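Letter by letter, the chains look like this.
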Amino acid sequence: MSFNKSFNKLGSAKATASVSTAKGDSVSANPTRSESESDRGHKQLINILGQFEPHHDNKQWTSIEASTVSDQDLFANDDDSDDDGDEDDEEEEGDVIENEKLPFKEGPSIAEKDEQRIDKKPESSKLAAEVEPQVNVSNENEDSSEPDHSAIPSTAKEGIENITKGVDSIQVKSENKSKSERLTKQNSAKKTLTKFDFQRFLKQLRSKDCEPVLKYIKSFLTQFQARTWSVDEQIKLVKEFQQFIFGKLIECKPFDNLSTDEDVNNTMEGLEKFIMSRIYNDTFPPLMVERKLSPSHREDLSRDKIYHINLKKYRWIQPKHLDIHLKIDSETSFVKLAGTELSKVNDYKSPRDKIICILNCCKVIFALIRQQQKIHKVEENADIFVPLLVFVILKCKTRNLISNLSFIERFRNDRFLVGESSYYVSSLQIAANFITTIEQSLLTISAEDFAAEIENNERKLKEESIKRKREQKILEEKKAQEDAQKQGLFSPLTEMIAGTGKGEDFAPSQVLKSSAGIFQQSLSTLFSSPSRESSPVSSSVDELKTAKKQSLEESKKEARIKSERETTLKNLKQMFPDMDSEILLDIAIAKNSNIGDCIDACLELTE
Amino acid sequence: MADLVTQEPRFAQFKLVLLGESAVGKSSIVHRFVTDSFDDLRESTIGAAFLTQTIQLDERTTIKFEIWDTAGQERYKSLAPMYYRNANCALVAYDITQESSLDRAKSWIQELQKQASADIVVALVGNKLDLEAERKVSTKEAKEYADELGLIFKEISAKTGEGIKDVFHSIASKLPVEEKLNSATKRRRNIDLNRPSTNNQESCSC
């Protein structure tokens, strides 16, 4: 097996770089990246390495022989083993891997916990609460009796609703089931997206028999992360390692008994996700540390840059410039929704999850086409789909789109990048490349108008930049003022502390002690449910606090459901202006405000 | 499991790209093929730009076409090679009532010869045979061109369905079915994660 060689080579490279250096590098991230990104990168790296426990010994990661390392560490982010209720911890883990745990926590208490998390988080990270992008893709192999979660997912909360049901939702649309079953049996390896149960894979991987395999994986990950590789080397290493380790895995229980294609696919999908999630920061260029970027990685970044420059430069483009003769604009709900779906690619680390985001985006575009078919005479085909896709990505400004596409193309298992997935990924590549190559001749616009639009836009951009700078300056000044005020606030305390012995009440030790006491108290309320050991007084205080918190959560939850419904209803009214608003409300309630389900229902009604 | 599959009915899958100007009715051709054929199975789940259809080549061999519709507008032309990567066959359509559409079809064919794999099976089809009265492109002219380049040639009507099954059957019969079946079987037996692929290079641009 060719990988054995490269694996040994990899081993002989003697990866001495420890985890902590990698961490350090990631902190001093690429200056061209935004702070939040490098921050996120750092957190993700910590996640990948399962470094939350401070007592964890980094050195043991570096070799296969390090048998003392608990295998649990590898799983640290995939399951619920670190369920210590540490909320800071959760906040940091705003990423997909950690959230893999969600589908299998079925109890209401967990759902509540998730909701809390959502409430605490800013909008951007809400999405991360979704476990996996929901699969909208129909799949004829699936039992049709399953509830239809298909269609278009909208918000993270709906995600949770669906997810707590533990469904990787795929549904049947084929009318001729027996035929389709026959065919899929013949060819089930080549379906668009097979059903995938990551938790099942993880559970299997945890069996005692798989320990040696886990050590291999661990060693591979460490060594992969320790060095700088070219893109070709990365692809080769990852693919060959996956193949190699798959071979090893099927010798171990319970993987030695993969009887169906579905089992085989699940294992392969599982391996891909398991490995790619852990080396994401070394393979996805926007998150890679500067020194690890190979020329091809840099090219992705520079193409992302060009892409974004063009998004700005051509943001005035209207549907008519692309020969889209439909009544839509950037404010059309479908266009916005498609963009939102696509932009989720940045919330996921595994190639499969990213592809699902792309497919969801495309599905919304087709829903738009079908809706427009009622008004305009348009055929549902590539001639209308591709221009719409261009328009959508022009308006939604997804970050790192080029890097995401490269990542998918490089690391998605060839076995799965076929058929429909492949078609829509290619279409997106075409649309994205179109944007990086836009010029007047590629648009339906006269040279004069084109020049005028460009000039007009440049002027606006300049104005906006000036305005932004001014606002930033004001903000900075305000912050400086606040800081000064804060210092002023603390100064008496500092003075008091400085003036040791002057007043017994304010002796520094006492001040520190009492504040430490407060801190401890708040920590205990954070970590534990009302403790029996605590004094009756404090316990009742705790209970009170808990009760308050709960009622607050409930009202928050209610408010959230309400606002969700309102948003959905607003969207629906825009999309289906002819429909009775009471009917729309009923639909919104019936479908738990899931915009995708609602659209499907409305389309059905109007057909 | 895998062995069972190979002894039972055989199944091979091929990628077909659909090229032609928007107005020539290329989507109608495929729609007609997909909805009108022997097997009523449609596997498209996202939208109609990607469709699949199976045909029975012989008693035990089923062929499945993965049909990739392409944007026919000139502005996406330079990006089209992304569509025909790994394509096994192409259907290039023109409109017999539009002289210019044949020229455009010829330019697609040239592109295919330059960019697609060397063994790609290409069919040139003239659509709208139902509008014989308005014909602008003679059968002779198009056929001579096709023969010269060794392409499959048919005149068809998406409206009436005339000739459509024939085209897809002609394409299917020219496809390297045996080869595909062998490699597919091998792949299944080895559970090979990395089939030799040409599309995992880092060239997502072109």
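All of these numbers come straight from a predicted model, not from anything done at the bench.

A.B. asks: An account of the overall build of chain A is needed here, citing residue identities and associated values.
C.D. replies: Tallying secondary structure elements over chain A gives 26 helices and zero strands in all. When the 607 residues of chain A are sorted by exposure, 52% land in the buried category. A sequence separation of at least 24 residues applies to 77% of the contacts in chain A between residues at least 6 apart. Entry remark: accessible area of chain A is about 28500 Å², with carbon and sulfur atoms responsible for 53%.

A.B. asks: Could you give an account of the packing of helix H18 (residues 351-372) of chain A against helix H21 (residues 419-437) of chain A, naming the residues involved and the relevant values?
C.D. replies: Residue and element names in this part refer to chain A. Where H18 meets H21, the axes come as close as 10 Å, and the angle between the chain directions of the two elements is 80°. The orientation of H18 with respect to H21, classified from their angle, is roughly perpendicular. Residues Ile355, Ile358, Leu359, Cys362 and Phe366 of H18 touch H21, and the partners they reach there are Glu420, Ser421, Tyr424, Val425 and Leu428. The residue inventory of the contact of H18 with H21, partitioned by class, reads eight nonpolar, one polar and one charged.

A.B. asks: Provide a residue-level description of the state of the cysteines, including the pertinent values.
C.D. replies: Residue and element names in this part refer to chain A. The final tally for this structure, using the stated rule, is zero disulfides over all chains. Between cysteine 210, a cysteine without a disulfide, and cysteine 252, which holds the nearest cysteine sulfur, the sulfur-to-sulfur distance is 4.9 Å. Judged by its relative accessible area of 0%, cysteine 210 falls in the buried class. Here cysteine 361 stays free of any disulfide, with the sulfur of cysteine 362 as its closest cysteine sulfur at 5.1 Å. On the basis of relative accessible area, cysteine 361 is assigned to the buried category, the value being 1%.

A.B. asks: Break down the confidence of the model for chain A for me, with residues and values.
C.D. replies: Scored by pLDDT, chain A comes out at a mean of 68, with 58% of its residues at no less than 70. The low-confidence segment residues 5-72 of chain A (pLDDT under 50) makes 109 contacts with residues lying over four places distant or belonging to another chain.

A.B. asks: Please set out the pairing of strand S4 (residues 89-95) of chain B residue by residue, giving values where relevant.
C.D. replies: Residues and elements named next belong to chain B. Taking burial as the measure, the seven residues of S4 include seven buried ones, the bulk of the element. Where strand S1 (residues 10-19) lies against S4, four bridges are found, and the strand directions are parallel. In the strand pairing of S4, leucine 16 is matched with cysteine 89. You can see the chain leave S4, run along helix H4 (residues 99-115) and come back into strand S5 (residues 121-127), and the turn it takes is right-handed.

A.B. asks: Can you explain the sheet that holds S1(B)? Please cite residues and give values.
C.D. replies: Residue and element names in this part refer to chain B. Pairing is mixed in the open sheet, where six strands are placed in the order S2-S3-S1-S4-S5-S6. This sheet does not close on itself; its edge strands, each paired only once, are strand S2 (50-58) and strand S6 (152-155). On average, each strand axis in the sheet is inclined to that of its neighbour by 25°, with strand direction left out of account.

A.B. asks: With reference to specific residues and values, describe helix H14 (residues 261-278) of chain A.
C.D. replies: Under the 1.5 Å per step criterion, the end-to-end length of H14(A) is 26 Å for 18 residues, consistent within 8% with the ideal 26 Å. Most of H14(A) is tucked away: 17 of the 18 residues are buried.

A.B. asks: Outline the packing of aromatic side chains, listing residues and values.
C.D. replies: Evaluated as defined, the whole model comprises 28 aromatic pairs over all chains. Ring centres 5.1 Å apart and planes at 85° place the aromatic pair Tyr423(A) and Trp68(B) in the edge-to-face group. You can see Tyr423(A) sitting in helix H21 and its partner Trp68(B) sitting in strand S3 (residues 61-69), one on each of two chains. An identical accessibility class is assigned to Tyr423(A) and Trp68(B); each is buried. For the ring pair Phe65(B) and Phe168(B), a centre distance of 5.6 Å and an interplane angle of 70° mean the geometry is edge-to-face. Remark: Phe168(B) occurs in helix H6 (residues 164-174) and Phe65(B) occurs in strand S3; sequence separation between them is 103 residues. Exposure class is identical for Phe65(B) and Phe168(B). Each is buried. Grouped by ring-pair contacts, the aromatic residues Phe366(A), Phe385(A), Tyr423(A), Tyr424(A), Phe50(B), Trp68(B) and Tyr83(B) constitute a single cluster.

A.B. asks: Which residues make up the pattern of salt bridges, and what values do they have?
C.D. replies: On inspection of all chains with the given rule, the structure shows 28 salt bridges over all chains. For Asp353(A), the salt bridge is made with Lys273(A), and the minimal N-O distance between the two is 2.8 Å. You can see Asp353(A) sitting in helix H18 and its partner Lys273(A) sitting in helix H14, a full 80 residues away along the chain. Looking at Lys273(A), the relative accessible area reads 3%, which means it is buried. As a salt-bridge pair, Arg10(B) and Glu178(B) come within 3.2 Å of each other at their nearest N and O atoms. Of this pair, Arg10(B) sits in strand S1 while Glu178(B) sits in helix H7 (residues 177-190), and the two are 168 residues apart along the sequence. A relative accessible area of 14% means that Arg10(B) is categorised as buried. Look at Glu178(B) and you get partly exposed, because its relative accessible area is 45%.

A.B. asks: Kindly report on helix H16 (residues 295-313) of chain A, identifying the contributing residues and their values.
C.D. replies: All names here are of chain A. Taking 1.5 Å as the rise per residue, H16 with 19 residues should run 27 Å; its terminal C-alpha atoms sit 26 Å apart, in good agreement. By the burial criterion, the buried members of H16 are Ser296, His297, Asp300, Arg303, Asp304, Tyr307, Asn310 and Leu311. Along H16, the residues classed as buried sweep out an arc of 140° about the axis, all on the same side. Among the exposed residues of H16, those oriented more than 90 degrees off its buried face are Pro295, Lys305 and Ile309. On its buried side, H16 packs onto helix H13 (231-249), helix H15 (280-283), helix H19 (382-396), helix H20 (401-411) and H21.

A.B. asks: Explain the nonpolar core to me, using residue names and the numbers behind them.
C.D. replies: In terms of nonpolar packing, the biggest core is built from 109 residues, with Ile393(A), Tyr424(A) and Leu124(B) touching the most fellow members. Of the domains in this structure, domain 2 (294-445) and domain 3 (556-604) of chain A are the two that each give at least three residues to this core. Among all residues touching Leu124(B), those that are not within four sequence positions of it are Val92(B), Tyr94(B), Leu102(B), Ala105(B), Ile109(B), Ala142(B), Tyr145(B), Ala146(B), Leu151(B), Ile152(B), Phe153(B) and Lys154(B). Ranked by size, the runner-up nonpolar core spans 39 residues in total, among them Phe220(A), Leu221(A), Phe224(A) and Phe255(A).

A.B. asks: For unusual backbone geometry, give the residues involved together with the corresponding values.
C.D. replies: Residue and element names in this part refer to chain A. Of the consecutive residues lysine 253 and proline 254, the connecting peptide bond is found in the cis state with omega at -5°. Topologically, proline 254 is positioned in the loop between H13 and H14. The backbone of aspartate 323 sits at a positive phi, close to 60°, despite the residue not being glycine. For aspartate 323, the position within the fold is in the loop between H16 and helix H17 (333-343).

A.B. asks: Any details on the packing of H19(A) against H21(A)? Residues and values, ideally.
C.D. replies: All names here are of chain A. At a minimum axis separation of 9 Å, H19 and H21 run at an interaxial angle of 60°. Comparing the axis directions of H19 and H21 gives the class oblique. Of the two elements, H19 crosses H21, and the hand of that crossing is right-handed. On H21, the residues touching Ala382, Phe385, Val386, Leu389, Val390, Ile393 and Leu394 of H19 are Tyr423, Tyr424, Ser427, Leu428, Ile430, Ala431, Ala432, Phe434 and Ile435.

A.B. asks: Account for the pairing of S1(B), with residues named and values stated.
C.D. replies: Among the ten residues of S1(B), ten are classified as buried, and the element is accordingly described as predominantly covered. Of the two faces of S1(B), both are covered, the one formed by Arg10(B), Ala12(B), Phe14(B), Leu16(B) and Leu18(B) as well as the one formed by Phe11(B), Gln13(B), Lys15(B), Val17(B) and Leu19(B).

A.B. asks: Give a description of the confidence of the model for chain B that names residues and reports values.
C.D. replies: All names here are of chain B. Mean pLDDT over chain B stands at 83; residues scoring 70 or higher make up 81%. Across residues 1-6, confidence stays below pLDDT 50; counting only partners more than four residues off in sequence or on other chains, it has eight contacts. This model gives residues 191-206 a pLDDT under 50, and the stretch forms 42 contacts once residues within four places in sequence are excluded. Predicted complex metrics record ipTM = 0.86 and pTM = 0.66.

Definitions and cut-offs
- Residues numbered from 1 in each chain as written.
- Chains lettered and ligands numbered in written order.
- Predicted model: local features only at pLDDT ≥ 70, side-chain atom pairs only at ≥ 80, totals over all residues.
- Heavy atoms only, no water.
- Helix = DSSP H or I, 4+ residues; strand = E, 2+ residues; numbered from the N terminus.
- Buried < 20%, exposed > 50% of the residue type's maximum accessible area, 1.4 Å probe, protein only.
- Contact = heavy atoms within 4.5 Å.
- Areas by Shrake-Rupley, 256 points an atom, 1.4 Å probe, with all protein chains shown as cover.
- Axes fitted to C-alpha atoms, helices over the stretch in contact; angles between N-to-C directions.
- Parallel < 35°, antiparallel > 145°, perpendicular 65-115°, else oblique.
- Nonpolar A, V, L, I, M, F, W, Y, C, P; charged D, E, K, R; others polar.
- Disulfide = S-S within 2.5 Å.
- pLDDT = per-residue confidence, 0-100.
- Pairing = 2+ DSSP bridges.
- Right-handed = clockwise from strand over helix to strand, strands pointing away.
- Expected span 1.5 Å × (residues − 1).
- Phe/Tyr/Trp six-rings, centres within 6.5 Å; stacked < 30°, edge-to-face > 60°.
- Salt bridge = Lys/Arg side-chain N within 4 Å of Asp/Glu carboxyl O.
- Arc of directions from axis to C-beta.
- Core = buried A, V, L, I, M, F, W, Y, C linked by side-chain atoms within 4.5 Å.
- Domains from an automatic or database assignment.
- Left-handed = near helix turned anticlockwise from the far one by under 90°.

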